Amino acid sequence: MPLPEPAPEILRFYSETIDEADRLTTTADGRLEMVRTQELLRRYLPVPPARILDVGGGPGAHARWLVQDGYSVHLVDPIPRHVEQAKAAGATVEVGDARKLTAKDGEADVVLLLGPLYHLIDGADRRQALAEAYRVLKPGGLLAAAGINRYSSLFEHAAFAHLHKDQMRTSIGGILASQIHDGKKAFTAAYFHSGEQLREEVAAAGFGAAEVLGVEGPAWSMLAAAERNTGDDFRDSPLFESALTAARMAEPYPELLAASSHLLAVGRRPGPGHGQWPKHGQGEPVGPAGRGGR
């Protein structure tokens, strides 16, 4: 059977409109997403070496540091431009789709879905992607799946100081109500999860000990507002350090999960070794973390 194909607007957006390779490095809120994703993943990853499938891994932003940490990484992405860029990360790469992986059953120690669930609008497609992740994981293997927070567009466009305009207010109101952006303007087609919904989708796919954490925390939009409205660089600033500290301090409080821009769900395929892996030993929580979405 042929591989599923991404929606044309998604292919066009990542091939022609933006360079995803720059997103996590050129802005303060992008850097915050990178730093927090690294420390959260390192909290749960097994000690290297281990086999990681980076599904929807884009141009290799995470594959690069995972390879440097000593992991064996295979990156899969539906955008040919991304796969070509990802070759420089040191991982093996292929053009592919989260809904139909070429990996064998039980091949991976870890599956990362740090992007596919953003753009699978139909629930059946998200379930298929999670089922494929389950299939290719070893028993006891780790899933880490990211979602865009349902309320992220509200915070983002308030930070950009144009939410009060009628057209923008109508557009964001539609996203809040439907959890869908149709991809006709600005950003591409996307689905916006609540924390509880993301946890339920992961648990329903068979993953045990499913939990959801906020990635950027409640102060990320302050960074976006500062940069957008002043033109200054806040990537290395006291404001950045404060936003990072806020993200860490917010973890024990599930009511703050809704303020993060992105969500990270983790769970394990049940089986021998479930929950018994040694951890990488970095990015430890500041409290009883990871209870958001329960």
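Every value quoted in this text rests on a predicted model; they were computed, and no experiment measured them.

### Focus: the overall build of the protein
In terms of helices and strands, the protein carries eleven helices and nine strands. Seen through its principal axes, the protein has C-alpha atoms that stretch 55 × 45 × 35 Å. Counting over 294 residues, the protein shows a buried share of 51%. Put simply, 75% of the contacts in the protein that link residues at least 6 apart link residues at least 24 apart. For the protein, the computed accessible surface area is about 12800 Å², with 55% contributed by carbon and sulfur atoms. Here the protein carries 31 positive and 37 negative side-chain charges, and the mean point of each set is 3 Å from the other.

### Details of the confidence of the model for the protein
Taken residue by residue, the protein gives an average pLDDT of 91. The fraction at 70 or more is 92%. A low-confidence stretch, residues 281-294 (pLDDT under 50), is modelled with 36 contacts involving residues beyond four sequence positions or located in other chains.

### Section: the pattern of salt bridges
For the coordinates displayed, the defined rule picks out 18 salt bridges. In this structure, Glu 107 engages Arg 51 in a salt bridge whose closest nitrogen and oxygen atoms are separated by 3.4 Å. With Glu 107 in the loop between strand S3 (92-95) and strand S4 (108-113) and Arg 51 in strand S1 (residues 51-55), the pair connects residues that are 56 residues apart, well separated along the chain. Given the relative accessible area of 23%, Arg 51 is considered partly exposed.

### Quick notes on the packing of helix H7 (residues 152-159) against helix H10 (residues 220-230)
Packed helices, taken two at a time, are described by the angle their axes make and the gap between the axes. Packing of H7 against H10 brings their axes to within 8 Å, and their N-to-C directions diverge by 30°. For the element pair H7 / H10, the angle class is roughly parallel. In terms of crossing hand, the pair formed by H7 and H10 is right-handed. Residues Ser 152, Phe 155, Glu 156 and Ala 159 of H7 touch H10, and the partners they reach there are Trp 220, Ser 221, Ala 224, Ala 225 and Asn 229. For the contact of H7 with H10, the residue count by class is five nonpolar, three polar and one charged.

### Some points on the side chain of Ser 260
The topology assignment puts Ser 260 in the loop between helix H11 (238-250) and strand S9 (262-268). Judged by relative accessible area, Ser 260 falls into the buried class, the value being 1%. Side-chain polar atoms of Ser 260 contact the backbone oxygen of His 262, separated by 3.0 Å. When near neighbours in sequence (up to four residues on either side) are disregarded, Ser 260 contacts Asn 149, Gly 214, Val 215, Glu 216, Gly 217 and Trp 220.

### Section: the packing of aromatic side chains
Using the criterion set out here, one finds one aromatic pair in the structure. Aromatic pair Tyr 134 and Phe 207: ring centres 5.4 Å apart, planes at 70°, arrangement edge-to-face. Residue Tyr 134 is located in helix H6 (residues 123-136), and its partner Phe 207 is located in the loop between helix H9 (195-204) and strand S8 (208-214); the two are separated by 73 residues in the primary sequence. With a relative accessible area of 24%, Tyr 134 lands in the partly exposed category. Residue Phe 207 is classed as buried on the basis of its relative accessible area of 4%. A cation over an aromatic ring shows up here: Arg 31 above the ring of Phe 240, its NZ or CZ 4.3 Å from the ring centre.

### Things to note about the pairing of S1
Where burial is concerned, most of S1 is hidden: four out of the five residues are buried. Bridge count for S1 against strand S2 (residues 72-77) is five bridges, and the pairing is parallel. Bridge assignment links Asp 54 to a residue of S2, and that residue is Leu 75. A crossover links S1 with its parallel partner S2, the connecting element being helix H3 (residues 61-68), and its sense is right-handed. Here S1 runs beside S4; their pairing, made up of four bridges, is parallel. For Asp 54, the partnering residue across the bridge sits in S4 and is Leu 112.

Parameters and conventions
- Residues numbered from 1 in each chain as written.
- Predicted model: local features only at pLDDT ≥ 70, side-chain atom pairs only at ≥ 80, totals over all residues.
- Heavy atoms only, no water.
- Helix = DSSP H or I, 4+ residues; strand = E, 2+ residues; numbered from the N terminus.
- Buried < 20%, exposed > 50% of the residue type's maximum accessible area, 1.4 Å probe, protein only.
- Contact = heavy atoms within 4.5 Å.
- Areas by Shrake-Rupley, 256 points an atom, 1.4 Å probe, with all protein chains shown as cover.
- Lys, Arg positive; Asp, Glu negative; His and termini not counted.
- Charge placed at Lys NZ, Arg CZ, Asp CG, Glu CD.
- pLDDT = per-residue confidence, 0-100.
- Salt bridge = Lys/Arg side-chain N within 4 Å of Asp/Glu carboxyl O.
- Axes fitted to C-alpha atoms, helices over the stretch in contact; angles between N-to-C directions.
- Parallel < 35°, antiparallel > 145°, perpendicular 65-115°, else oblique.
- Left-handed = near helix turned anticlockwise from the far one by under 90°.
- Nonpolar A, V, L, I, M, F, W, Y, C, P; charged D, E, K, R; others polar.
- Polar contact = N/O pair within 3.5 Å; in protein donor to acceptor, adjacent residues only side chain to side chain.
- Phe/Tyr/Trp six-rings, centres within 6.5 Å; stacked < 30°, edge-to-face > 60°.
- Lys NZ or Arg CZ within 6 Å of the ring centre and 35° of its normal.
- Pairing = 2+ DSSP bridges.
- Right-handed = clockwise from strand over helix to strand, strands pointing away.

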